Amino acid sequence: EGWCVQQACDFIDGSGDAPFCMQVSLPKPHQCYTPDARFWEMYPDDLDLPETFNDDPSQRPAMFQEAVQNFQQLQGQYQPQDNESLARRIWKGYLACITHVDHALGLLMDHLEKSGQADRTIVIYHSDHGAYSTRYGLFEKAPGICSESVCRVPYLWHVPGMTPAGKTCEQLVENIDIAATITGLCNIPAMTTTDGKNIAPLLQGKDEPVRQMAVTEHAWSKSIRWEQWRLVHYQPDMFEGKDVGELYDLKNDPLERRNLYHDPASEHLVHQGRQLLLQWLIDTTRPCTVWPAPNWPSMKYDLAPDGKESNKAGVKLRVTRGQLAYL
């Protein structure tokens, strides 16, 4: 983290007055949980565990239950030997690593201030997934996207002259919205080869939705959020053809302790979620993220009004081993 921040500061200093764009990838709090001792010592050994630590996993998919069992089988194999004490040690390390990263970001922000760049630099502080350590009796995110805890990504934006200090927003956004928003904020042409929405209105303090739903993708499953509901759709092949899924009412059950997927009273919600997911799949599988760009001078590529491939007759695409061919 210290090396990353120092490299970033050197890059800022070497940019002079020219605009710059950089991504500073701080490794923590990814495993291994080895924070600097000063951050480790900030947290007590008897931390409270998440209230879901001892939840019954029986309503969850098989791989989730297996992950819980795997953690329980660590009993006596490590120091400390009982699972709750081990979980507290893991949780302490995880929190200390987050504080370690916060400290590194603080050093970078201080440098922006000292260099006179802070009042003209957009800062986005985010993660690849949400916190999961020790929740639901697990010590990491291995069961995939079974829980909102994984899909809910921390997202902090600072846009000078725009973002109100301390303002929070509950509207749905996705990580792919970063690119579209940056181009909009910087008044440069929108990228023609990326999905995503410009969430600048939310950064200005408005509270109108920019998307109807948000999707988190996994190799064999999809999680969809809309209104107060979250549906996880699994490929039947994962479970020997069985219909396995998850549906939660996040308004009344924010800790996801009651899976409504097989509740007859919620059948219409499962159907609604699948319809939304199907429409999303249709929209997003129309090529947009391709190279060369659709407006490449040597190509003729008809686009629909929304900037994606129009699906008109005569426009054919073939993907072979990851390469896109135009026919």
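See the structure printed just above.
Residues numbered from 1 in each chain as written. Predicted model: local features only at pLDDT ≥ 70, side-chain atom pairs only at ≥ 80, totals over all residues. Heavy atoms only, no water.

Colleague: Run through the overall build of the protein, naming residues and quoting values.
Modeller: The secondary structure content of the protein amounts to eight helices and eight strands. Taking all 327 residues of the protein together, the buried fraction comes to 38%. The long-range share in the protein, meaning contacts at least 24 apart out of those at least 6 apart in sequence, stands at 59%. Per element, the accessible surface of the protein, about 19500 Å² overall, is 52% carbon and sulfur. (Helix = DSSP H or I, 4+ residues; strand = E, 2+ residues; numbered from the N terminus. Buried < 20%, exposed > 50% of the residue type's maximum accessible area, 1.4 Å probe, protein only. Contact = heavy atoms within 4.5 Å. Areas by Shrake-Rupley, 256 points an atom, 1.4 Å probe, with all protein chains shown as cover.)

Colleague: I'd like to hear about helix H1 (residues 2-14), residue by residue, with values.
Modeller: Since the α-helix turns once every 3.6 residues, residues separated by three or four places project in the same direction. Taking 1.5 Å of rise per residue, 13 residues should cover 18 Å, and H1 covers 18 Å from first to last C-alpha, within 8% of that figure. Among all positions in H1, only Cys4, Val5, Ala8, Cys9 and Ile12 are buried. Down the axis of H1, the buried side of the element spans an arc of 135°, and every buried residue falls inside it. Residues Gly2, Trp3 and Gly14 are exposed on H1 and point more than 90 degrees away from its buried face. Looking at the packing, one finds that the buried side of H1 touches helix H4 (83-114). A positive backbone phi angle near 60° is found at Gly16, which sits one or two residues after H1. (Expected span 1.5 Å × (residues − 1). Arc of directions from axis to C-beta.)

Colleague: Provide a residue-level description of the sheet that holds strand E3 (residues 214-218), including the pertinent values.
Modeller: Pairing is antiparallel across the open sheet formed by four strands, whose spatial order is E3-E4-E5-E6. Only two strands of the sheet have a single partner each, and these edge strands are E3 and strand E6 (245-249). Neighbouring strand axes in the sheet, compared pairwise and without regard to direction, differ in orientation by 10° on average. Sheet analysis places E3 next to strand E4 (residues 221-226), joined by five bridges and oriented antiparallel. Along E4, the bridge assignment pairs His218 with Ser221. Sitting on the sheet, helix H8 (residues 267-284) is in contact with E3, E4, strand E5 (229-234) and E6, with an inclination near 110° to E4. (Pairing = 2+ DSSP bridges. Axes fitted to C-alpha atoms, helices over the stretch in contact; angles between N-to-C directions.)

Colleague: Pulling in residues and values, what's your account of the pattern of salt bridges?
Modeller: It is possible for side chains of opposite charge to pair when their charged atoms get near one another. Enumeration according to the criterion identifies 17 salt bridges in this entry. We note a salt bridge from Asp177 to Arg211, for which the minimum N-O separation is 2.5 Å. Pair noted here: Asp177 is in helix H6 (residues 177-185) and Arg211 is in the loop between helix H7 (200-203) and E3, with a separation of 34 residues, a long-range link. Given a relative accessible area of 12%, Arg211 falls into the buried group. Through salt bridges with shared partners, a single network forms among Glu148, Arg152, Glu170, Arg225, Arg230 and Glu256. (Salt bridge = Lys/Arg side-chain N within 4 Å of Asp/Glu carboxyl O.)

Colleague: Give me the nonpolar core: which residues, what numbers.
Modeller: Ranked by size, the top nonpolar core spans 14 residues in total, and within it Met213, Ile224, Trp226, Trp229, Leu231 and Leu247 carry the most contacts. Every element with two or more residues in this core is listed here: E4, E5 and H8. Looking at this core element by element, the count peaks at five residues for H8. Sequence-distant contacts of Trp226, that is, excluding residues within four places in its chain, are made with Leu172, Gln212, Met213, Leu231, Leu247, Leu269, Gln272, Gly273 and Leu276. (Core = buried A, V, L, I, M, F, W, Y, C linked by side-chain atoms within 4.5 Å.)

Colleague: Describe unusual backbone geometry, listing the residues and the values that go with them.
Modeller: The omega angle of the peptide bond from Lys28 to Pro29 is 5°, so this bond is cis rather than trans. With respect to the secondary-structure elements, Pro29 resides in the loop between H1 and helix H2 (37-40). Non-glycine residue Tyr136 carries a positive phi angle of around 60°. For Tyr136, a relative accessible area of 5% gives the class buried. In this model, Glu227 sits at a positive phi of 50°, which is unusual for a non-glycine residue.

Colleague: Outline the packing of aromatic side chains, listing residues and values.
Modeller: This model, assessed by the stated rule, comprises eight aromatic pairs. Directly above the ring of Phe64 sits Arg60, whose terminal nitrogen or CZ lies 4.8 Å from the centroid. (Phe/Tyr/Trp six-rings, centres within 6.5 Å; stacked < 30°, edge-to-face > 60°. Lys NZ or Arg CZ within 6 Å of the ring centre and 35° of its normal.)

Colleague: Can you tell me about the state of the cysteines, naming the residues and giving the values?
Modeller: Taken as a whole, this structure holds zero disulfides when the rule is applied. Of all cysteine sulfurs, the one in Cys97 lies closest to Cys32, which takes part in no disulfide; the gap is 9.3 Å. Cysteine Cys186 is unpaired, with the sulfur of Cys21 as its nearest cysteine sulfur at 7.7 Å. (Disulfide = S-S within 2.5 Å.)

Colleague: Break down the pairing of E6 for me, with residues and values.
Modeller: Among the five residues in E6, five count as buried, and that is most of the element. Burial of E6 is two-sided: the residues Gly245, Leu247 and Asp249 facing one way and the residues Glu246 and Tyr248 facing the other way are all buried. When E5 meets E6, the two strands line up antiparallel, connected through five bridges. Residue pairing in the sheet places Trp229 in a bridge with Asp249 of E6.

Colleague: Please provide a residue-by-residue account of the environment of Pro201, values included.
Modeller: Here Pro201 shows up in helix H7. A relative accessible area of 31% means that Pro201 is categorised as partly exposed. For the pair Pro201 and Met162, spaced 39 residues apart in sequence, the C-alpha separation works out to 9.6 Å.

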